[in-house]
Amino acid sequence: MRVLLFSIFLAIVCDLAASVEITEKDLVSDESLWDLDLTEKQKRFNVFKANVQHIQKVNQLDKPYKLKLNEFADMTNHEFRNFYGSKIKHHRMHQGSSRAITGFMHEKAENLPASVDWRKQGAVTGVKNQGRCGSCWAFSTVVGVEGINKIKTGNLVSLSEQELVDCEKDNEGCNGGLMENAYEFIKKEGGLTTEDIYPYRARDGFCDTRKMNAPVVMIDGHEIVPANDENALMKAVANQPVSVAIDAGGSDFQFYSEGVFTGNCGTELDHGVAVVGYGTTLDGTKYWIVKNSWGPKWGEQGYIRMQRGVDREEGLCGIAMEASYPIKLSSNNPKLPQKDEL
């Protein structure tokens, strides 16, 4: 076991080398460079060791979820939050705390199914990876649009997060944003293009208007789920995938591996994800099926099951605080452009 952990650590620190800051003083001699490398590796080893100890401690407790080492194992929790949080709450405060008033078309939904999984309905694309860019808001938005497009047209099309990062100016690209702004952008611009046409680069870039002007999937707007109401969220999810904001900054969330997550978390909304279903375990624990954007190696093949029906109105990690979904009234979409037309 010790040999395995050390091998994992070596792979992590080798990958980290490119991120070490170098000064002129460090270039004076080979010895100074060697000292720099050792110092950084020692720091990373201490972080790695602390994370291993945390994972082992949690896994020895009688919790309904487990943790494991992953690509974040060399990062402190503070570093993790800075790299992968999109500061949704901060962005909301910057733009004003009030949200637009919308209708809620699923208000009168009744006789909801006991479980829903939009993946089984073919309405969810494969898990994607935002990389070290706070663009989770774009990924959350895209899940919603891909889902409603499949429901309305029967076609599942992987759409472009990078178009939103580059071109949606009410948000801040890799520095964070709000899903509601992104939905309004897609409506205003007449649709969103595909991932193939406008591929993801995990960094801010200039808006490629030629690609942006090749929309493939259109929507008619968005609606906001009544806040702090898990029952309302359940009604929405029973009808389509829904964008939500959560507090995902805790160490348990960082290293989540499997099971129903019931960990401690607050309501500092810092991450955009999408609820694509819900269900109940054999022992009666209710959960949400949440699609993340940290790649398929994190969690349950890129997903996390989060406890549903907790004894607080905002839901676990604030999942019911800021939910929204796109509206698509018809099966009409712009004509898919040919490659030679771009």
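Residues numbered from 1 in each chain as written. Predicted model: local features only at pLDDT ≥ 70, side-chain atom pairs only at ≥ 80, totals over all residues. Heavy atoms only, no water.

Novice: It is not clear to me how the overall build of the protein should be interpreted in this structure. Could you clarify?
Specialist: Broken down by element type, the protein carries ten helices and nine strands. Within the protein, buried positions represent 51% of all 342 residues. For the protein, the accessible surface area stands at approximately 16700 Å², while carbon and sulfur atoms represent 50% of it. (Helix = DSSP H or I, 4+ residues; strand = E, 2+ residues; numbered from the N terminus. Buried < 20%, exposed > 50% of the residue type's maximum accessible area, 1.4 Å probe, protein only. Areas by Shrake-Rupley, 256 points an atom, 1.4 Å probe, with all protein chains shown as cover.)

Novice: Help me understand helix α7 (residues 179-188), please; the structure alone is not making it clear to me.
Specialist: An α-helix turns once per 3.6 residues; consequently, residues spaced three or four apart project the same way. Within α7, seven of the ten residues are buried, leaving the element largely enclosed by the surrounding structure. Buried residues of α7: Met-179, Glu-180, Asn-181, Ala-182, Tyr-183, Phe-185 and Ile-186, and no others. Residue Gly-190 follows α7 closely and has a positive phi angle near 85°.

Novice: Even after reading the chapter, I still don't get the pattern of salt bridges, so can you show me in this structure?
Specialist: When charged atoms on two side chains of opposite charge get close, those side chains can pair. Applying the stated criterion across every chain, the model contains eleven salt bridges. Measuring nitrogen to oxygen at the nearest pair gives 3.7 Å for the salt bridge that ties Lys-128 to Glu-195. On the criterion of sequence distance, the pair formed by Lys-128 in the loop between β2 (116-117) and α5 (136-153) and Glu-195 in the loop between α7 and α8 (209-212) is long-range, its members being 67 residues apart. Its relative accessible area of 11% is what places Lys-128 among the buried residues. For the salt bridge of Asp-166 with Arg-201, the shortest nitrogen-to-oxygen distance reads 2.9 Å. With Asp-166 in helix α6 (residues 161-167) and Arg-201 in the loop between α7 and α8, this pair connects stretches of sequence that are 35 residues apart. The class of Asp-166 is buried, set by a relative accessible area of 0%. (Salt bridge = Lys/Arg side-chain N within 4 Å of Asp/Glu carboxyl O.)

Novice: In this structure, what is going on with the pairing of strand β4 (residues 242-246)? I would like to understand it.
Specialist: Look at any regular strand and the pattern is simple: side chains alternate between the two faces of the sheet. Taking burial as the measure, the five residues of β4 include five buried ones, the bulk of the element. Neither face of β4 is open: one carries Val-242, Val-244 and Ile-246, the other Ser-243 and Ala-245, and all of them are buried. In this sheet, strand β6 (residues 271-280) lies alongside β4 in antiparallel orientation, the contact comprising five bridges. Across the sheet, residue Ala-245 finds its bridge partner in β6, namely Gly-272. (Pairing = 2+ DSSP bridges.)

Novice: I would appreciate a short explanation of the side chain of Ser-135 in the present structure.
Specialist: Considering the arrangement of structural elements, one finds Ser-135 in the loop between β2 and α5. Using a relative accessible area of 0% as the deciding quantity, one classes Ser-135 as buried. One polar contact links Ser-135 to Tyr-200, side chain to side chain, over a distance of 2.7 Å. Non-local contacts of Ser-135, meaning those with residues more than four positions away in its chain, are made with Gln-130, Val-165, Gly-173, Cys-174 and Tyr-200. (Polar contact = N/O pair within 3.5 Å; in protein donor to acceptor, adjacent residues only side chain to side chain. Contact = heavy atoms within 4.5 Å.)

Novice: Even after reading the chapter, I still don't get the environment of Lys-328, so can you show me in this structure?
Specialist: Structurally, Lys-328 can be placed in the segment after β9 (324-327). Since its relative accessible area comes to 3%, Lys-328 is described here as buried. Along the primary structure Lys-328 and Gly-221 are separated by 107 residues, whereas in three dimensions their C-alpha atoms are 7.3 Å apart. Each residue touching Lys-328, except ones within four places of it in the same chain, is listed here: Ile-148, Asn-149, Lys-152, Thr-153, Met-218, Asp-220 and Asn-333. At 2.8 Å, the side chain of Lys-328 and the backbone oxygen of Met-218 are in polar contact. At 2.8 Å, the side chain of Lys-328 forms a polar contact with the side chain of Asn-333.

Novice: When you look at the state of the cysteines in this model, what are you seeing that I'm missing?
Specialist: Joining two cysteines, a disulfide is a covalent bond between their sulfur atoms. Per the stated rule, a full pass over the model turns up three disulfides. One disulfide bridge connects Cys-167 with Cys-207, the sulfur atoms lying 2.1 Å from each other. As the torsion about the S-S bond is roughly 95°, the Cys-167-Cys-207 disulfide counts as right-handed. With a gap of 40 residues between them, Cys-167 in helix α6 and Cys-207 in the loop between α7 and α8 connect regions that are remote in the sequence. (Disulfide = S-S within 2.5 Å.)

Novice: Would you mind showing me how to read the packing of α5 against α7 here?
Specialist: Packed helices, taken two at a time, are described by their axes: the angle between them and the distance between them. Contact pair α5 / α7: the axes reach a minimum separation of 9 Å and the direction vectors enclose 55°. Here α7 runs oblique to α5, going by the angle between their axes. As for how α5 packs across α7, the hand of that crossing is right-handed. Touching Trp-137, Ser-140, Thr-141, Gly-144 and Val-145 of α5 are Met-179, Ala-182, Tyr-183 and Ile-186, all from α7. Its residues assigned to classes, the contact of α5 with α7 comprises six nonpolar, three polar and no charged. (Axes fitted to C-alpha atoms, helices over the stretch in contact; angles between N-to-C directions. Parallel < 35°, antiparallel > 145°, perpendicular 65-115°, else oblique. Left-handed = near helix turned anticlockwise from the far one by under 90°. Nonpolar A, V, L, I, M, F, W, Y, C, P; charged D, E, K, R; others polar.)

Such coordinate-based values are descriptive only and should not be taken to indicate function.
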